[in-house]
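So you can see what is in the structure, the chains are spelled out below.
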Amino acid sequence: MANFKGHALPGSFFLIVGLWWSVKYPLKYFHKKGKNCQLNRNYSRIEIIEAAVRTLFPVIGILAEQLVPDGPQFHLYSEDQWVKMMNWQHSTMYLFFAASGITDMLTYLVTYIPLGVDRLMMAVAAFAEGFLFYYHVHNRPPLDQHIHSLLLFAVFGGAISTFLEVILRDNIVLELFRTSLVILQGTWFWQIGFVLFPPFGTPEWDQKDHENIMFITMCYSWHYLVAVCIVAINYSLVYCLLTRLKRHRDGETIGIQQLKSCHTYHTALLNGSDEE
């Protein structure tokens, strides 16, 4: 959808997934370091639920692109011409991410599927998004082309990072890097919406002004810095929370052991007095 809502919708999807990953991956990493078996048993369930949500989001996106009043209504070609090709390109991007979500579910539900296939399909989905976006903005005003082109750095960076995860499975650095790029995509989709389709009656941007292009480039750097800070803050919060819980749990364990030892000591005293 070539409007503000059409950019806010995928932006929200990417933000939700990115923020969840910024909590999930540190949790998984610290629990693995602590060799927590309980998490390992529940991890597959969490992954299946996440994959189902990541399948639902693109399906919602496809329906939104196709069934809006001025959408193609699932008609690709009519009356000797293509119907709303921009909506169809967006739908195709969503379709690849839906396939990625389905692959994730199958990886954890079907035992004979190789484990790295889920990451490979996720990388393919990101590559397809970047490939379609690259040919998406030709013959548009300079600012429109530039602001969409900046998105390609996050998209192809995420594709390469995810592909490396096929080989380097459960690498926390690659996982957090991918997370930061997903958050960046989310915030940048919202930024594109505000720049190209200003809501609330705000003035439109001059899409031929070079100063605007320079500012948008600088703004993109700020967006990524914010994404990295979000990942770092959530990583630190998870670490502090788990450390505090561990200390509390260890304190309870010590207290129980002390109570048991006291009980044993009193029992021994009573037995001794009975014998006397």
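Residues numbered from 1 in each chain as written. Predicted model: local features only at pLDDT ≥ 70, side-chain atom pairs only at ≥ 80, totals over all residues. Heavy atoms only, no water.

Engineer: Help me understand the overall build of the chain, please; the structure alone is not making it clear to me.
Structural biologist: If you tally the helices and strands in the chain, you get seven helices and two strands. Along the chain, helices and strands appear, N-terminal first, in the series α-α-β-β-α-α-α-α-α. The buried share among the 276 residues of the chain stands at 42%. Across the chain, contacts joining residues at least 24 apart in sequence account for 74% of those joining residues at least 6 apart. For the chain, the accessible area works out to roughly 16100 Å², and carbon and sulfur atoms hold 68% of it. (Helix = DSSP H or I, 4+ residues; strand = E, 2+ residues; numbered from the N terminus. Buried < 20%, exposed > 50% of the residue type's maximum accessible area, 1.4 Å probe, protein only. Contact = heavy atoms within 4.5 Å. Areas by Shrake-Rupley, 256 points an atom, 1.4 Å probe, with all protein chains shown as cover.)

Engineer: For this particular structure, what's the right way to read the environment of Ala126?
Structural biologist: Along the chain, the position of Ala126 falls in helix α4 (residues 117–134). Relative accessible area serves as the criterion here: at 10%, Ala126 is assigned to the buried category. Ignoring anything within four residues of it in the chain, the contact list for Ala126 reads Phe97, Val155 and Ala159.

Engineer: Just checking my understanding: could you explain the environment of Val124 for this structure?
Structural biologist: With respect to the element layout, Val124 can be found in helix α4. Spatially, the C-alpha atom of Val124 lies 7.8 Å from that of Phe96, the residues being 28 residues apart in sequence.

Engineer: Is there a simple way to think about a nonpolar patch on the surface in this case?
Structural biologist: A cluster of nonpolar side chains, Leu120, Val124, Phe163, Ile167 and Leu168, forms an exposed patch at the surface whose accessible area comes to about 450 Å². For the nonpolar patch, the elements supplying multiple residues, two or more each, are α4 and α5 (142–167). Residue Val124 is classed as partly exposed on the basis of its relative accessible area of 34%. (Patch = residues over 30% accessible without salt bridge, like charges linked within 9 Å, V, L, I, M, F, W, Y side chains within 5 Å. Salt bridge = Lys/Arg side-chain N within 4 Å of Asp/Glu carboxyl O.)

Engineer: Teacher, can you tell me more about the packing of α5 against helix α6 (residues 172–196) here?
Structural biologist: To characterise two packed helices, one gives the angle between the axes of the helices and the distance between these axes. Contact geometry of α5 with α6 gives a least axis separation of 9 Å together with a crossing angle of 165°. Here α5 lies roughly antiparallel to α6, going by the angle between them. You can see that α5 and α6 cross each other, and the crossing is left-handed. Residues that form the contact of α5 with α6 fall into these classes: 16 nonpolar, seven polar and four charged. (Axes fitted to C-alpha atoms, helices over the stretch in contact; angles between N-to-C directions. Parallel < 35°, antiparallel > 145°, perpendicular 65-115°, else oblique. Left-handed = near helix turned anticlockwise from the far one by under 90°. Nonpolar A, V, L, I, M, F, W, Y, C, P; charged D, E, K, R; others polar.)

Engineer: Even after reading the chapter, I still don't get the nonpolar core, so can you show me in this structure?
Structural biologist: Looking at soluble globular proteins, one finds that nonpolar side chains tend to be buried together. Core analysis: the biggest nonpolar cluster contains 36 residues, and Ile147, Leu151, Trp188 and Ile216 have the highest contact counts within it. Where this core is concerned, the elements lending two or more residues are α1 (4–33), α2 (37–67), α3 (85–109), α4, α5, α6 and α7 (210–275). With eleven residues, α6 is the largest single contributor of residues to this core. Apart from the residues lying within four places of it in its own chain, the contact partners of Trp188 are Ile147, Leu150, Leu151, Ile216, Cys219, Tyr220 and His223. (Core = buried A, V, L, I, M, F, W, Y, C linked by side-chain atoms within 4.5 Å.)

Engineer: What exactly am I supposed to notice about the packing of aromatic side chains here?
Structural biologist: Each aromatic ring pair is characterised by the separation of its centres together with the angle its planes make. Inspection of the entire model under this criterion finds 21 aromatic pairs. Ring geometry for Tyr43 against Tyr108: centres 6.3 Å apart, planes inclined by 80°, an arrangement best described as edge-to-face. Of this pair, Tyr43 sits in helix α2 while Tyr108 sits in helix α3; the two residues are 65 residues apart in sequence, bridging distant segments of the chain. Centroid distance Phe127 to Phe131: 6.4 Å. Interplanar angle 15°. Geometry classified as stacked. Of this pair, Phe127 and Phe131 both sit in helix α4, four residues apart, which is roughly one turn of that helix. What makes Phe127 partly exposed here is its relative accessible area of 47%. Here Phe131 falls in the partly exposed class, since its relative accessible area comes to 44%. One cation-aromatic arrangement involves Arg178 over Trp21; the distance from NZ or CZ to the ring centre is 4.5 Å. (Phe/Tyr/Trp six-rings, centres within 6.5 Å; stacked < 30°, edge-to-face > 60°. Lys NZ or Arg CZ within 6 Å of the ring centre and 35° of its normal.)

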